[in-house]
Amino acid sequence: MKRFILIIMLSLIPVTAMAYFPRLAVESAFTRKDIKKPGIKIVFTNQPDNYFRSITATKDPALRDIIRKLVEADRKRAYNVSEQYEGDGGGIILNILHEGKYVHVGFSFGGNGDFRLFLQTDNPELFKR
């Protein structure tokens, strides 16, 4: 009987592990309290085949650095990364396979604290949990 229970418990571990998908780090940027202030524009689009979010800010180097760290955390999960730098600014685009669906993350920034972050996918269900 003990052996049977052990076999059942061990067989459930892989199933449980497969059901868990960690969230993208940049998702947390859109729920931060400090993005709801003057100088920051937030866009949400949620249609059946297009889910888009963006944050655009001017002259906020502290928030820019926080968002950049979130993008860098998601870089590890990207299957494709495109980068471009010029002077103090630049941009990063991440293509991520998240829960079997494609998610695109873009981050452009300037040296004076300006930045724009976007997250886009054709599957809105990914971000409803």
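Source: prediction; values computed, not measured.

Colleague: Tell me about the overall build of the protein chain, and please be specific about residues and values.
Modeller: Looking only at helices and strands, the protein chain has two helices and six strands in total. Along the protein chain, from the amino end to the carboxyl end, the secondary structure elements read α-β-β-α-β-β-β-β. Here the protein chain, with 129 residues, has 35% of them falling under the buried criterion. Total accessible area computed for the protein chain in this model is approximately 8,300 Å², and 59% of it derives from carbon and sulfur atoms.

Colleague: I'd love a proper account of helix H2 (residues 61-75), names of residues and values included.
Modeller: With 15 residues, H2 ought to run about 21 Å at 1.5 Å a step, and its terminal C-alpha atoms sit 21 Å apart, in line with that. Looking only at H2, the buried set comprises Leu-63, Arg-64, Ile-67, Leu-70, Val-71 and Asp-74. Each buried residue of H2 sits inside an arc of 125° when the element is viewed along its axis, so together they form one side. Across H2 from its buried face, at more than 90 degrees, point the exposed residues Ala-62 and Lys-69. Elements in contact with the buried residues of H2: strand S1 (40-47), strand S3 (78-86), strand S4 (89-98), strand S5 (101-109) and strand S6 (115-121).

Colleague: Would you mind going over the nonpolar core in detail, with residue names and values included?
Modeller: With 27 residues, the main nonpolar core has Ile-67, Leu-117 and Leu-119 as its most contacted residues. Of all the secondary structure elements, the ones that give two or more residues to this core are strand S2 (50-57), H2, S4, S5 and S6. Each residue touching Ile-67, except ones within four places of it in the same chain, is listed here: Ala-29, Phe-107, Phe-115 and Leu-117.

Colleague: Can you break down the packing of aromatic side chains residue by residue, with the values?
Modeller: The full count for this structure, using the stated rule, is six aromatic pairs. Ring centres of Phe-52 and Phe-118 lie 6.2 Å apart, and the angle between their planes is 20°; this geometry places the pair in the stacked category. Of this pair, Phe-52 sits in strand S2 while Phe-118 is found in strand S6, placing the two residues 66 residues apart along the sequence. The class of Phe-52 is buried, set by a relative accessible area of 18%.

Colleague: Give me the sheet that holds S2: which residues, what numbers.
Modeller: Here we have six strands laid out as an open sheet, ordered S1-S2-S6-S5-S4-S3, and antiparallel in their pairing. On the outer flanks of this sheet lie S1 and S3, each paired with one strand and no other. Shown here is a sheet whose adjacent strand axes are inclined to one another by a mean of 5°, direction ignored. Across nine bridges, the pairing between S4 and S5 is antiparallel. Each bridged residue has a counterpart across the sheet, and for Ile-92 the counterpart in S5 is Phe-107. Strands S1, S3, S4, S5 and S6 of the sheet are contacted by H2, whose axis makes an angle of about 40° with S4.

Colleague: Residues and numbers for the side chain of Glu-27, please.
Modeller: Tracing the backbone through its elements, the reader meets Glu-27 in the loop between helix H1 (2-19) and S1. Residues within four places of Glu-27 in sequence aside, it is in contact with Arg-53, His-98 and Phe-127.

Reading the values: the criteria
Residues numbered from 1 in each chain as written. Predicted model: local features only at pLDDT ≥ 70, side-chain atom pairs only at ≥ 80, totals over all residues. Heavy atoms only, no water. Helix = DSSP H or I, 4+ residues; strand = E, 2+ residues; numbered from the N terminus. Buried < 20%, exposed > 50% of the residue type's maximum accessible area, 1.4 Å probe, protein only. Areas by Shrake-Rupley, 256 points an atom, 1.4 Å probe, with all protein chains shown as cover. Expected span 1.5 Å × (residues − 1). Arc of directions from axis to C-beta. Contact = heavy atoms within 4.5 Å. Core = buried A, V, L, I, M, F, W, Y, C linked by side-chain atoms within 4.5 Å. Phe/Tyr/Trp six-rings, centres within 6.5 Å; stacked < 30°, edge-to-face > 60°. Pairing = 2+ DSSP bridges. Axes fitted to C-alpha atoms, helices over the stretch in contact; angles between N-to-C directions.

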